[in-house]
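Residues per chain, in single letters:
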Amino acid sequence: MKLATVVVVGLGLGLLLSCAPPAPKIVFKHGETRGRLDKNGLRFVIMPDATTPLAEVDVRYEVGAREDPPGKAGLAHLVEHLTFQLRPDGPGTRPLIQMLQQVTLNMNAYTEADKTHYMLNARAELVDTLIKVEAMRMYYGCQTITEDEFLREREVVRNEIRGHNRSAEGLIPQLTLASIYPEGHAYARMVGGDDEQIAKLTLRDACEFIARYYVPERATVIVAGGVDSDATARSVEKWFRAIDRRAPAPRHAVEPFTVTTARRTVELDIERPWITVAWVLPDGRTAEGEAAEFGIWNAFFDAAYRSDEYECATEAFPAVLGGREAPVFMIALELTAMSKLDDCLGFVWKAARNAGHGWDGGTWTQLEEIKNRRKAAFVSSLEPLFGIGGRTDQVGDMVQFSRDVDFDSRDLYVFHELDKIGRFELEKVGSAVQRALDPNRARVTVFTPSKQGIKGDRRSAVSFQTREEAVEAPEVDPGEAQHPLEVPGSLDVLRGATRFQLGNGMRVALLPVAAMPVVSAQLVFDAGEATTPDRPGLAHAAAELLALPPDATALRDTGVQLACDATSDHTICRAHGMSIYLEVVVKAFERLITIGGCRQLAVERWQRSIRATYALKRSRQQREFQRQQLAATFGPEHPYTRTGVTVARSIDALGRDALSAFRDQHYTAANATLVIAGNFDVKQAEAVVRDTFSGWRAGHKDTPVASPPYRRSGPLYVGVIGDDDPQVDVAILYPSPPGMAGPQAARLVLTEMLNNQMGVVRTKLGATYHAYALRDTRLAASAYRLGSAIDAPRAGEAIRAMRDGLDALRHGTDFDVAFVQARRKVVQRLLGESTQSAELASRLGQIARFGLDASYDRTLLQQTAALSTAQVKELLARELDPAGEVVVALGDRAAVTKAFADAGIASPRLIEPGDE
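From a predicted model like this one, the values you see are computed outputs, not experimental measurements.

A. Layout of the overall build of the chain. Along its length, the chain carries 31 helices and 24 strands. Against the compact-globule benchmark of 29 Å for 916 residues, the chain has a radius of gyration of 28 Å, which places it among compact chains. Sequence separation of 24 or more characterises 82% of the internal contacts of the chain that already satisfy a separation of 6 or more. Summed over all atoms, the accessible surface of the chain reaches about 36,100 Å², with 50% contributed by carbon and sulfur. For the chain, the distance from the average site of its 108 positive side-chain charges to the average site of its 119 negative ones is 1 Å.

Here it is in structure tokens:
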């Protein structure tokens, strides 16, 4: 084993704030240990972080959808799924995914054009187990995957793709790519593949793909979190040295090509016309490509997020498609009418021309602020361990794509990226953006509505037949259910919170943690949608449209992100940024509430956009699906039902005066709780909070929504009739008492047991990509919700399986095994204390919203560990009574009717959404 570099460095970053000399500084500590295994060439990167008890183990494979053979689009994606199904301990033992579900807090994987990335997150003491799992994934390949498992997982992938293409609008990115890249190009197809080609794939195809590309030389193991570098390096050596060196197959070359700029028109089965404007950007691994990417967001914001100012589009979104060596920047706009086509194009051309301006002007300080905001955003983005764009994922990108860092050098990838941002010559950025977004190099595709046009789902004739699987030995001792669970740790992070109340009634919780130099904050108001039951949408609109005054430049200058939204019971404003800008975060909240407001032009644009969306048939059908769930669960007159779905006719009443009145009445100190978590000095933070908010008017304290429990005479079954659809949306619901008080530990374990039962729809039937169970917790009334988007022909089979799973729990079938698995998982999750500021702020906010004791988390852990099966059975009988069952399904008439019949449910009530 060769260690390339073993360093831990603290970097002082001077980030300028235009009105605050001297420049504030932070110290960002980061370490990297990099090395290669002599035997097989495997690379590894270890990034220790003593501030977190969690660890992340990722593996990046340099293979992606561009390696899909001709006629086999989706193979790389399917292989990613299959590697979770291997059974390293032999036939009849549990697959890898089941073991991971027990030991991890989070797990996932994704495939893109150039890469496949696996992610595992758990407590740090399990890092050796996670490394072992990834070594087994590489070692076994597809050796232990059976034909039946392959066919089922192939069906899961088909359902995932089908979900993306439920309507013809989902095909727009794919068709745009096809208009840019020549046929056969490495990036000419979407990553996931299409149903017809996936349905033809075989287990042999998958095995050959794994053998060709899943080799040590093409892989990088990336470990971050509360780990020891030397011990982790030894673990990598121990588990991966068993894998022999194998020569990888050559990658599919990205050939140069010339873009055809002639306008193209495509007929789709859509309700409104769309256009896409797309440019091929320079190779993202080059200096020109990096400069263009650095400046391209000007075009994103100007040309996409402000499109409603021109009244030509109802919706717009930007995206980067293709792969790293020839990426495509696309702006897609849904037109209000085809007559607005030229108006929207004119707007896009203007934005594209302007995108490159301004980089070579301004004062030195202004230009440095641009780079400092980018540095701040980059450091903030490194805080999460898990997920796409998180710390390990970004380092995986740097290892794979950076051309100016030698893996075997002593350069640190993260600091090199910060240095690169600081060295950007901004006039070169402007030139690169102007060249990249030249209107003469753009490809315009117009998508026109036509019932005879391309449909969303082009399904292969191949069907999947469920096979009887061998009974697997239980992975846990059911006798464990009879004893309290030993907890291998305690919850300590939240104990460090400082709580106090200002004289005006505002409640404050401050939680300093010695972690990344980042802070997250929430300002919670005890007023939400249900606060004004006769004005649906009012709280949401007031929160979304609340804007800082025009002269508020501090957020722009510092990169602090701030946004507000509303739930049924609360309004929550969230902010996130570098810890040196804590005062900016606090004062931004204060200015937002006391000086900010809803601007008339913004309100009018929002109303116009919502009206346009609500006029679409699919939107009306989805809203009716939600309305039927709320009415059946809470009652048709409950405030949650009356405000749960905003209808078109209520939009006109949500004018600027109504929004401002809601803010003035409910956004008050007595109604507010401020929580801040992250790396800051608590005394300084308390001084800033007291200085900023002590003079804020107290106002009044809203009382939570109260309503008597809704009584039904029996179960209720409702079908909502929609358009032709390859999938049926299914929700199974049971009403539950309000809030988080009472037997919350039993509810968490029961919900996890339900979630495991719902997984059968994917893991056994292959009828969906994702099925779930959760408890929708609210102050006045709550509900259990089980659901999925299911392959339409098999919806009845899936509904029956979901309900059979519930009955199995009621009858006690394998109850102790299910209980042990679920209790272990809940305890593992509760022990997974993250030091990520956003997660900590969210937990503090939850305690505030539901009026919980400060020691709630510790008590909940103790109660869960001591939980008995009798407590869960009693809760199951009471809160999941079959008499309280609600089943709501959305799909076309034939599919919904067949689904209820196949599920054995007679005489459902069928609803056809009408005008609102």
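There's more to say after this.
B. Region of the structure containing the packing of helix 3 (residues 127-140) against helix 8 (residues 229-240). Direction vectors running N to C along helix 3 and helix 8 enclose 30°, while the axes themselves pass 9 Å from each other. As judged from the angle between their axes, helix 3 and helix 8 are roughly parallel. Seen along the crossing, helix 3 lies across helix 8 with a hand that is right-handed. For the pair formed by helix 3 and helix 8, the contact residues are Asp128, Ile131, Lys132, Glu134, Ala135 and Met138 on the first element and Thr232, Ser235, Val236, Lys238, Trp239 and Phe240 on the second. The residue makeup of the contact of helix 3 with helix 8, split by class, is six nonpolar, two polar and four charged.

C. Representation of the packing of helix 24 (residues 744-758) against helix 27 (residues 815-831). Between helix 24 and helix 27, whose axes approach to 8 Å, the crossing angle comes to 115°. Crossing hand, helix 24 versus helix 27: right-handed. Taken together, the residues of helix 27 that come into contact with helix 24 (itself represented by Leu748, Val749, Glu752 and Met753) are Phe815, Ala818, Phe819, Ala822, Arg823, Lys825, Val826 and Arg829. Split by residue class, the contact of helix 24 with helix 27 holds eight nonpolar, no polar and four charged.

D. Fine view of unusual backbone geometry. The phi angle at Asp814 is positive, at roughly 50°, despite the residue not being glycine. Along the chain, Asp814 falls in the loop between helix 26 (795-811) and helix 27. For Asp814, a relative accessible area of 59% puts it in the exposed group. You will see that Ser907, though not glycine, has its phi angle at about 55°, which is positive. Judged by relative accessible area, Ser907 falls into the exposed class, the value being 72%.

E. Here's a closer look at the sheet that holds strand 22 (residues 782-791). Strand order in the open sheet formed by six strands is 21-22-20-23-19-24, with mixed pairing between adjacent strands. Here the strands that pair on one side only, and so sit at the sheet edges, are strand 21 (771-776) and strand 24 (909-911). Neighbour-to-neighbour, the strand axes of this sheet turn through a mean angle of 20°, independent of strand direction. In this fold helix 31 (residues 893-902) packs onto strand 19 (716-721), strand 20 (727-736), strand 23 (886-891) and strand 24, with an angle of close to 160° to the strand it touches most, strand 19.

F. Looking closely at the state of the cysteines. Under the definition given, this model contains three disulfides. One disulfide in the model links Cys312 with Cys344; its S-S distance is 2.0 Å. Judged by the sign of its S-S torsion, about 100°, the cystine formed by Cys312 and Cys344 is right-handed. In this pair, Cys312 is assigned in the loop between helix 10 (297-305) and strand 10 (313-321) and Cys344 in helix 11 (residues 341-355), connecting sequence segments 32 residues apart. With its bonded cysteines labelled in order along the sequence, the chain shows the pairing 1-2, 3-4, 5-6. Take Cys598: it sits in no disulfide, and the sulfur closest to it among the cysteines is that of Cys564, at 10 Å. Judged by relative accessible area, which is 3%, Cys598 ranks as buried.

G. Spotlight on the pattern of salt bridges. Scanning all chains against the criterion turns up 62 salt bridges. For Glu32, the salt bridge is made with Arg34, and the minimal N-O distance between the two is 2.7 Å. On the basis of relative accessible area, Glu32 is assigned to the buried category, the value being 0%. One salt bridge in this structure joins Arg893 and Glu912, with 2.3 Å as the shortest N-O distance. Remark: Glu912 occurs in the segment after strand 24 and Arg893 occurs in helix 31; sequence separation between them is 19 residues. Assessed through its relative accessible area of 55%, Glu912 is described here as exposed. Sharing partners across several salt bridges, the network here consists of Arg66, Glu67, Asp114, Arg251, Asp283, Arg285, Glu325 and Arg403.

H. Seen up close, the environment of Asp565. In this structure, Asp565 sits in strand 16 (residues 561-566). Under the relative-accessibility criterion, Asp565 is labelled partly exposed at 34%. Between the C-alpha atom of Asp565 and that of His540, which follows or precedes it by 25 residues, the distance is 5.9 Å. Within the structure, Asp565 has its side chain in polar contact with the side chain of His540 (distance 2.9 Å).

I. Representation of the layout of surface pockets within the structure. The volume enclosed by the second largest pocket comes to roughly 640 Å³. The wall of the second largest pocket is formed by 25 residues, among which Ser167, Ala168, Glu169, Asp269 and Arg618 lie closest to the centre. Among the residues making up the lining of the second largest pocket, the classes are represented as five nonpolar, six polar and 14 charged.

J. Quick peek at the confidence of the model for the chain. Of the residues in the chain, 92% reach a pLDDT of 70 or more, and the chain-wide mean stands at 89. No element of the chain has a lower mean pLDDT than strand 1 (residues 2-14), at 52, and none a higher one than strand 23, at 98. Across residues 6-10 the pLDDT falls below 50, and counting only partners more than four positions away or on other chains, this stretch makes 18 contacts in the model. Segment residues 14-23: pLDDT under 50, and 26 contacts once partners within four positions in sequence are set aside and those in other chains are kept.

K. Main features of the pairing of strand 7 (residues 219-225). Most of strand 7 is tucked away: seven of the seven residues are buried. Burial along strand 7 is two-sided: Ala219, Val221, Val223 and Gly225 facing one way and Thr220, Ile222 and Ala224 facing the other are all buried. Sheet topology note: the strand 3 (residues 43-48)/strand 7 ladder contains six bridges and is parallel. If you follow Pro48 over to strand 7, its bridge partner there is Gly225. Direction of pairing for strand 4 (residues 54-61) relative to strand 7: antiparallel, over a ladder of seven bridges. Directly across from Tyr61, in strand 7, lies its bridge partner Ala219.

L. Structural view of helix 14 (residues 413-423). Among the 11 residues in helix 14, eight count as buried, and that is most of the element. Regarding helix 14, the residues found buried are Tyr413, Val414, Phe415, His416, Glu417, Leu418, Lys420 and Ile421.

M. Seen up close, helix 5 (residues 172-180). Most of helix 5 sits inside the fold, with seven of its nine residues counted as buried. When we look at burial in helix 5, the residues that qualify are Ile172, Pro173, Leu175, Thr176, Leu177, Ser179 and Ile180. Check the buried side of helix 5 and you find it contacts strand 8 (264-268), strand 9 (274-280), strand 10, strand 11 (328-335) and strand 12 (443-449).

N. A look at the side chain of Ser409. Take Ser409: it is sitting in the loop between helix 13 (391-401) and helix 14. Reaching out from Ser409, the side chain makes a polar contact with the backbone nitrogen of Asp411 at a distance of 3.2 Å.

Rules of the game
- Residues numbered from 1 in each chain as written.
- Predicted model: local features only at pLDDT ≥ 70, side-chain atom pairs only at ≥ 80, totals over all residues.
- Heavy atoms only, no water.
- Helix = DSSP H or I, 4+ residues; strand = E, 2+ residues; numbered from the N terminus.
- Rg over C-alpha atoms; globule rule 2.2 N^0.38 Å.
- Contact = heavy atoms within 4.5 Å.
- Areas by Shrake-Rupley, 256 points an atom, 1.4 Å probe, with all protein chains shown as cover.
- Lys, Arg positive; Asp, Glu negative; His and termini not counted.
- Charge placed at Lys NZ, Arg CZ, Asp CG, Glu CD.
- Axes fitted to C-alpha atoms, helices over the stretch in contact; angles between N-to-C directions.
- Parallel < 35°, antiparallel > 145°, perpendicular 65-115°, else oblique.
- Left-handed = near helix turned anticlockwise from the far one by under 90°.
- Nonpolar A, V, L, I, M, F, W, Y, C, P; charged D, E, K, R; others polar.
- Buried < 20%, exposed > 50% of the residue type's maximum accessible area, 1.4 Å probe, protein only.
- Pairing = 2+ DSSP bridges.
- Disulfide = S-S within 2.5 Å.
- Salt bridge = Lys/Arg side-chain N within 4 Å of Asp/Glu carboxyl O.
- Polar contact = N/O pair within 3.5 Å; in protein donor to acceptor, adjacent residues only side chain to side chain.
- 1 Å grid on protein atoms, 1.4 Å probe; cavity = no way out; pocket = protein on both sides within 12 Å on 5 of 7 lines; lining within 4 Å.
- Points joined across faces, edges and corners; volume = space filled by probe spheres on them.
- pLDDT = per-residue confidence, 0-100.

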